[in-house]
Amino acid sequence: MNDDGETPARVRVVAPRNLAQRSPGPIPVAREVAEQTDVGEVFITSLIRSQLRLAVVVAAGFLLLVAGCGLLLALAPQLHSITVLTVPLPWLVLGAGIYPVTGLCAWLFVRSAARNEARYRDLIGEK
Amino acid sequence: MNPAIGYAAVAGVSAVTALIGFYGLRVSRTTSDFYVASRTVAPWWNASAIGGEYLSAASFLGIAGLIMVSGIDGLWFPLGYTAGYLMLLLFVAAPLRRSGAYTLPDFAQSRLQSRRVRNVTSALVVVVGWFYIVPQLHGAALTIRITTGLPSWVGAVAVVAVVCLTVMTGGMRSITFVQAFQYWLKLTAIAVPVIFVLLVLTAGARPVSDGGAAFSTTLNTVAPAGLYRNLSLMTALLFGTLGLPHVLVRFYTNPDGGAARRTTLIVLGLLSVFYLFPTIYAVLGRIYLPELATNGQADATVLLLPGRLIGGAAGNVLSALVIAGAFAAFLSTTSGLVVSLAGVVSQDLFGGTVRGFRIAAVLSALIPLAVALGTGSLALAGSVSLVFAFTASTLCPLLVLGIWWRGLTDIGAIAGMLTGGILCAAAILAGSRLASSAPASSPLAASTLASTQNPAGFWYQVLAQPAAWTVPVAFVVMIAVSLATKNRRPGGITRIMTRLHAPERPLGQATVPAVE
């Protein structure tokens, strides 16, 4: 915010016409090398592979958990008779309990994905 | 209900939204260039804004309505709506931000270097947006009818008028502040009344769950959903979130890919908190307002419950609060969709001028209005889930394969999207034809269709919830056709993939000055 209280001239903001804009500023040499050499291609391929593996593992874990819940509910109706403060267990799990698990999966992924990227930065020699 | 409460709440929320839009716009002008400013939006603000745009009529009214009529089967909906963001985080968030694309067609074109893919994607985005706006307008129609007694069409027309006006005058541009405010307004509007209701009930020693009777399946008015329906619904909701145009636009305002991930993580938290409350409304509604489930007005549970359980002035204030929250939901989701649709339409049809943007905005709002006025209201959360099935079968494969697989070609992408889209739309149409051909008056016919035990019911479920098979088919077609057209892979694929996946330069080297 500017403090002197004067209003700057109005600037018309338009979306980029077609192709996406690159981030501003010069591209460092390390990045240039990483994009255009065979070694750089190996590095980026391995980064993509490790990120994809991570995403698939987390997704599979979560989906298995949800599918397991669904199957249990369908196959074991007696679970409904277990209650906490009159609320049946399946309602508690689906209505509240599963949300923190979702958040935990997401948090683990964010941490590990950032670690993969830090490793890539080390490889291409960026600080 | 006293109509004055409805008028006051609707007028109030419209005025506050317009005011914040106006002042928010001035603040954002005095910072610096819009793009620079938007690159420094903190994840918390961004996440609130995404939550504000995402929580629509289906979330605010529809989920409680579904749990009212179907009990525990309805709990899958909020779970799917939330966990969709987990999938978005895992497969799309950071790479999409790094692609620098502002809209999905931008992404498709820059990834596949093809104008044709851009056009197909644009058409799909517009269709998705239109059909997502229709349930919002149905929700507005319901709210206005229930709370003021005016005819249904007034609500839909009012939302479209307010949205057109604000979008066209620029008062409701994609200003993070307005939408962030909408999330907190909606959370307050749904949480405060039900907390008051719970306090009053416990203080008066009145039953909250009626000794567990509220959870009994005997209160359900629809047949239990089978395993197939739940599976297909979860497929649609988990993978449909990936392609919602108004959500994707917001990822562009993150500073970098890492911030996009943190934003998504916070969105998950915000949604998890919000979705606890519709369930509480529904449980209370099953005891105190069971007639809503039987007379087809279950979606009004959230609106009517506080006034019914708390009388007098306090009840009126709480009713006004929920009505305001509901109206905020229609306004924010509709305007978010109209803005993102208008961006796509104006770039592709009107050359990206400001006048073109305005024409496109009006078109994007009027066509769904015509559809909404011409069709009866389905259950809100149910009809939104069909839109999710459609995005999951079309735009989700494009994004996932485009980001993770270098073998994707333009022809493959088009073939996959068209196959998924046509199959999904045809199945939904055939399903609704089947449902309307059954004698609707007899509850037996309805339960026959809902049950997967007999063949007719099974096929109805397969058609009415198609995501479980259309999503895999779309993926398979996209991969197979891409493999068959290997020679059409875009050049410089390594460079494109590097841009999508390589982390940005460390913050110290950023040339953009931080604002604030």
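Thresholds, definitions, all that
Residues numbered from 1 in each chain as written. Chains lettered and ligands numbered in written order. Predicted model: local features only at pLDDT ≥ 70, side-chain atom pairs only at ≥ 80, totals over all residues. Helix = DSSP H or I, 4+ residues; strand = E, 2+ residues; numbered from the N terminus. Buried ≥ 20, exposed ≤ 12 C-beta atoms within 10 Å, placed from the backbone. Contact = placed C-beta atoms within 7 Å. Axes fitted to C-alpha atoms, helices over the stretch in contact; angles between N-to-C directions. Parallel < 35°, antiparallel > 145°, perpendicular 65-115°, else oblique. Left-handed = near helix turned anticlockwise from the far one by under 90°. Nonpolar A, V, L, I, M, F, W, Y, C, P; charged D, E, K, R; others polar. Expected span 1.5 Å × (residues − 1). Core = buried A, V, L, I, M, F, W, Y, C linked by C-beta atoms within 7 Å. pLDDT = per-residue confidence, 0-100.

## Description of the overall build of chain A
Link 1 in the chain: From N to C terminus, chain A includes 3 helices and 2 strands.
Link 2 in the chain: Beginning at the N terminus, the succession of helices and strands in chain A can be written as α-α-β-β-α.
Link 3 in the chain: Looking at chain A as a whole, 20% of its 127 residues qualify as buried.
Link 4 in the chain: Put simply, 63% of the contacts in chain A that link residues at least 6 apart link residues at least 24 apart.

## Focus: the overall build of chain B
Link 1 in the chain: When helices and strands are counted, chain B shows 23 helices and 0 strands.
Link 2 in the chain: Out of the 516 residues belonging to chain B, those deemed buried represent 60%.
Link 3 in the chain: Within chain B, contacts between residues separated by at least 24 positions form 82% of all contacts whose residues are at least 6 apart in sequence.

## Topic: unusual backbone geometry
Link 1 in the chain: A positive phi is found at glutamine 113 of chain B, a non-glycine position, where the angle reads about 50°.
Link 2 in the chain: Along the chain, glutamine 113 of chain B turns up in the loop between helix 7 (104–112) and helix 8 (115–148).

## A short note on the packing of helix 2 (residues 38–75) of chain A against helix 5 (residues 76–91) of chain B
Link 1 in the chain: Running from amino to carboxyl end, helix 2 of chain A crosses helix 5 of chain B at an angle of 165°, the nearest separation of the two axes being 9 Å. For the element pair helix 2 of chain A / helix 5 of chain B, the angle class is roughly antiparallel. The element helix 2 of chain A and its partner helix 5 of chain B pack so that their crossing is left-handed. Together, Ala55, Val58, Ala59 and Phe62 of chain A of helix 2 of chain A and Leu86, Met87, Leu90 and Phe91 of chain B of helix 5 of chain B make up the contact between the two elements.
Link 2 in the chain: Across the contact of helix 2 of chain A with helix 5 of chain B, the residue classes tally to 8 nonpolar, no polar and no charged.

## Section: helix 11 (residues 227–240) of chain B
All names here are of chain B.
Link 1 in the chain: Here helix 11 spans 19 Å end to end across 14 residues, near enough to the 20 Å set by a 1.5 Å rise per residue.
Link 2 in the chain: Most of helix 11 is tucked away: 10 of the 14 residues are buried.
Link 3 in the chain: Buried residues of helix 11: Asn230, Ser232, Leu233, Met234, Thr235, Ala236, Leu237, Leu238, Phe239 and Gly240, and no others.

## Describing the nonpolar core
Link 1 in the chain: Counting residues in hydrophobic clusters, the biggest one holds 192 residues, and the most contacted among them are Leu86, Leu137, Val159, Ile323 and Phe327 of chain B.
Link 2 in the chain: The residues contacting leucine 137 of chain B, other than those within four sequence positions of it, are Ala156, Val159, Val160, Pro368, Leu369 and Ala372 of chain B.

## Examining the environment of tyrosine 460 of chain B
Residues and elements named next belong to chain B.
Link 1 in the chain: Mapped onto the elements of the fold, tyrosine 460 is located in helix 21 (residues 455–464).
Link 2 in the chain: Residue class for tyrosine 460 comes out buried when judged on the 22 C-beta atoms lying within 10 Å of it.
Link 3 in the chain: For tyrosine 460 and valine 338, which are 122 residues apart along the polypeptide, the C-alpha to C-alpha distance reads 33 Å.

## Re the packing of helix 3 (residues 89–124) of chain A against helix 13 (residues 257–288) of chain B
Link 1 in the chain: The N-to-C vectors of helix 3 of chain A and helix 13 of chain B enclose an angle of 175°; their axes lie 10 Å apart at closest approach. With respect to helix 13 of chain B, the element helix 3 of chain A is oriented roughly antiparallel. Residues Gly95, Ala96, Tyr99, Thr102, Gly103, Ala106, Trp107, Val110, Ala113 and Ala114 of chain A of helix 3 of chain A lie in contact with helix 13 of chain B, whose contacting residues are Gly258, Arg261, Arg262, Leu265, Leu268, Gly269, Ser272, Leu276 and Thr279 of chain B.
Link 2 in the chain: Its residues assigned to classes, the contact of helix 3 of chain A with helix 13 of chain B comprises 10 nonpolar, 7 polar and 2 charged.

## Here we look at helix 22 (residues 467–484) of chain B
Link 1 in the chain: Along its 18 residues, helix 22 of chain B runs 25 Å from first to last C-alpha, staying within 8% of the 26 Å computed at 1.5 Å per residue.
Link 2 in the chain: Within the sequence span of helix 22 of chain B, burial applies to Ala467, Ala468, Thr470, Val471, Ala474, Met478 and Ser482 of chain B.

## Thoughts on the environment of arginine 488 of chain B
Residues and elements named next belong to chain B.
Link 1 in the chain: Tracing the backbone through its elements, the reader meets arginine 488 in the loop between helix 22 and helix 23 (493–501).
Link 2 in the chain: Note: C-alpha distance between arginine 488 and glycine 240 (248 residues apart in sequence) is 28 Å.
Link 3 in the chain: Apart from residues lying up to four places away in sequence, arginine 488 is in contact with Thr409, Asp410 and Ile411.

## So, the confidence of the model for chain B
Regions with low pLDDT carry predicted coordinates that are not meant to be interpreted in detail.
Residue and element names in this part refer to chain B.
Link 1 in the chain: For chain B, per-residue confidence averages 80 on the pLDDT scale, and 85% of positions sit at 70 or higher.
Link 2 in the chain: The secondary-structure element of chain B with the lowest mean pLDDT is helix 2 (residues 34–39), recorded at 44, while helix 22 shows the highest, at 92.
Link 3 in the chain: The model gives residues 507–516 a pLDDT under 50, and that stretch makes 13 contacts with residues more than four places away or in other chains.

## Overview of the confidence of the model for chain A
Residue and element names in this part refer to chain A.
Link 1 in the chain: Residues with a pLDDT of 70 or more make up 74% of chain A, whose mean pLDDT is 77.
Link 2 in the chain: Averaged pLDDT values over the elements of chain A bottom out at 62 in helix 1 (residues 29–36) and peak at 88 in helix 3.
Link 3 in the chain: Counted against residues more than four places away or in other chains, residues 17–25, with its pLDDT under 50, gives 15 contacts.

## Description of the environment of phenylalanine 274 of chain B
All names here are of chain B.
Link 1 in the chain: Considering the arrangement of structural elements, one finds phenylalanine 274 in helix 13.
Link 2 in the chain: Along the primary structure phenylalanine 274 and alanine 191 are separated by 83 residues, whereas in three dimensions their C-alpha atoms are 7.9 Å apart.
Link 3 in the chain: What phenylalanine 274 contacts, discounting residues up to four positions off in sequence, is Leu55, Leu187 and Ile190.

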